[in-house]
Amino acid sequence: MISKDSLIYIAGHRGMVGSAIWRQLSARGYTNLLGMTSKELDLRSQSEVLDFFEKNKPSAVIDAAAKVGGILANNSYPYQFLMENMQIQNNLIDASLKMNIGKFIFLGSSCIYPKLAPQPLKEEYLLTDSLEPTNEWYAVAKITGIKAVESIRKQFGKDYVSLMPTNLYGTHDNFDLNTSHVLPAMIRKFHEAKENNNTPVILWGSGTPMREFLFVDDMASSVVFALENKLPEHLYNVGTGQDLMIKDLAELIQKVTGHTGEIVWDSEKPDGTPRKLMDVSKMHELGWKHTIELEDGIAKTYQWFLQNINNFKEVKMR
Ligand SMILES: NC(=O)C1=CN([C@@H]2O[C@H](COP(=O)(O)OP(=O)(O)OC[C@H]3O[C@@H](n4cnc5c(N)ncnc54)[C@H](OP(=O)(O)O)[C@@H]3O)[C@@H](O)[C@H]2O)C=CC1
Ligand SMILES: C[C@H]1O[C@H](OP(=O)(O)OP(=O)(O)OC[C@H]2O[C@@H](n3cnc4c(=O)[nH]c(N)nc43)[C@H](O)[C@@H]2O)[C@@H](O)[C@@H](O)C1=O
């Protein structure tokens with residue numbers, strides 16, 4: 001059982017999700033949190049990870065470390081998104097099993113589901129049809145992580161679980177325009193265009209795909225929920241259960257940032273999967289639900305961006 005003084009290792013503790021988990025666990029009185037930067041511990045190295053686990057022996061591991069990016073980054077670097085994510089997750093999962101760690105929480109992604117699966121997406125749709133080509137590499141890595149967790153539950157009866165986040169956004173997100181996801185990219189593009197006399201904003205694709213967005217603090221609360229409860233199954237969707245068209249998201253963010261210029265859609269860029277709305281009923285039945293709605297979350301994220309825009313250490317805008 002995890003107590004407030006148990007040693008809890010958060011892999012990726014400086015990332016958007018990892019830092020939100022760290023903040024929430026600290027606020028809930030957990031006093032023994034452990035994190036390592038990728039410079040201190042490269043999770044792609046199996047020997048480094050095994051040494052680290054032998055030295056520290058955490059009671060619980062939360063895997064919020066991965067090579068993460070938006071549609072262009074995934075489509076441009078398939079090998080790294082496949083291999084690095086398999087290395088990171090497999091090293092953490094295998095070392096946790098070898099060191100008999102009692103609790104492991106793995107974070108996948110909604111892109112693990114088939115491109116044209118019925119909506120909203122249920123956990124049982126996994127592996128029932130082909131994947132979205134722009135991120136199938138990342139998706140296959142995540143699916144192997146899910147199967148590794150499931151096999152450990154089946155063979156060793158351990159309390160390991162996989163949470164499938166929908167598209168996430170919020171403070172400490174990545175605002176680099178080449179590697180980021182759509183929501184932080186739009187915040188930065190509309191803000192910078194407004195500051196530049198409302199020049200046109202160029203967005204990707206047709207604007208017609210639908211996406212669901214969960215504020216990162218709500219994602220963190222689902223991880224804390226999974227840490228403090230023994231979930232009965234191996235796989236759970238985490239989202240809001242509501243989605244909107246990318247075009248409508250653009251108009252929402254244009255309003256929040258105060259940009260008044262033109263929006264131009266670059267049809268050379270990929271749309272990706274047409275829709276990936278999560279069925280979140282399993283987590284709702286267990287007692288978890290999101291609390292931050294999209295407009296409020298966008299406002300919080302924009303405020304954080306404005307407060308940190310000149311602090312490049314904080315805001316990844318490389
Ligand atoms: N953002 C999103 O929309 C979604 C994210 N997810 C999942 O949530 C998790 C967290 O994502 P997010 O917070 O957005 O990602 P970030 O890019 O913000 O953070 C990723 C973290 O992983 C760490 N990391 C990456 N490579 C290595 C490595 N080789 N060795 C050690 N650490 C490494 C980084 O450490 P450092 O900072 O020290 O370099 C960083 O802190 C991931 O599993 C991701 O797949 C799932 C669905 C949607
Ligand atoms: C979380 C999920 O995130 C990724 O999937 P995605 O949701 O398709 O990624 P995205 O957020 O980058 O795009 C969403 C939509 O938005 C459109 N779009 C418009 N204008 C911009 C724009 O300026 N930047 C970006 N990135 N997208 C834009 C873009 O064309 C697409 O139609 C997976 O790689 C994978 O990492 C994963 O799991």
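Values in this document were obtained by computation on a predicted structure and should not be read as measured data. (Residues numbered from 1 in each chain as written. Chains lettered and ligands numbered in written order. Predicted model: local features only at pLDDT ≥ 70, side-chain atom pairs only at ≥ 80, totals over all residues. Heavy atoms only, no water.)

Participant: Which residues make up the packing of helix 1 (residues 16–27) against helix 7 (residues 216–228), and what are the values?
Facilitator: Direction vectors running N to C along helix 1 and helix 7 enclose 60°, while the axes themselves pass 8 Å from each other. Between helix 1 and helix 7, the angle falls in the class oblique. In the crossing of helix 1 with helix 7, the sense of the turn from one axis to the other is right-handed. For the pair formed by helix 1 and helix 7, the contact residues are M16, V17, A20, I21, R23, Q24 and L25 on the first element and V216, D217, M219, A220, S221, V223, V224 and L227 on the second. (Axes fitted to C-alpha atoms, helices over the stretch in contact; angles between N-to-C directions. Helix = DSSP H or I, 4+ residues; strand = E, 2+ residues; numbered from the N terminus. Parallel < 35°, antiparallel > 145°, perpendicular 65-115°, else oblique. Left-handed = near helix turned anticlockwise from the far one by under 90°. Contact = heavy atoms within 4.5 Å.)

Participant: Tell me about the confidence of the model for the chain, and please be specific about residues and values.
Facilitator: Here the chain averages 97 in pLDDT, while 98% of its residues score no lower than 70. Confidence, read as mean pLDDT per element, is least for helix 3 (residues 71–76) in the chain (96) and greatest for strand 9 (residues 213–215) (99). Predicted as a complex, the structure gets a pTM of 0.98 and an ipTM equal to 0.98. (pLDDT = per-residue confidence, 0-100.)

Participant: An account of the pattern of salt bridges is requested, with residue identities and associated values reported.
Facilitator: This model, assessed by the stated rule, comprises 16 salt bridges. Across the pair D159 and K103 runs a salt bridge, and its minimum N-O distance is 2.7 Å. Of this pair, D159 sits in strand 5 (residues 159–165) while K103 is found in strand 4 (residues 103–107), placing the two residues 56 residues apart along the sequence. Both residues of the pair, D159 and K103, belong to the buried class. K122 is paired through a salt bridge with D279; the nearest N and O atoms lie 2.9 Å apart. With a gap of 157 residues between them, K122 in the loop between strand 4 and helix 5 (136–156) and D279 in the loop between strand 12 (263–266) and helix 9 (281–286) connect regions that are remote in the sequence. Looking at K122, the relative accessible area reads 31%, which means it is partly exposed. A single network of salt bridges, built from pairs that share partners, joins D42, R44 and E84. (Salt bridge = Lys/Arg side-chain N within 4 Å of Asp/Glu carboxyl O. Buried < 20%, exposed > 50% of the residue type's maximum accessible area, 1.4 Å probe, protein only.)

Participant: So what's going on with the pairing of strand 5? Residues and values would help.
Facilitator: The element strand 5 is extensively covered by neighbouring structure, given that 7 of its 7 residues are classed as buried. Residues D159, V161, L163 and P165 line one face of strand 5 and the alternating positions Y160, S162 and M164 line the opposite face, and both faces are buried. As defined by bridge partners, strand 4 adjoins strand 5 across 5 bridges and the pair is classed as parallel. In the strand pairing of strand 5, F106 is matched with S162. Considered for its hand, the β-α-β crossover made up of strand 4, helix 5 and strand 5 is right-handed. By the bridge criterion, 4 bridges tie strand 5 to strand 10 (residues 235–238) in an arrangement that is parallel. Residue M164 lies in a different strand from strand 10, and its bridge partner there is N237. (Pairing = 2+ DSSP bridges. Right-handed = clockwise from strand over helix to strand, strands pointing away.)

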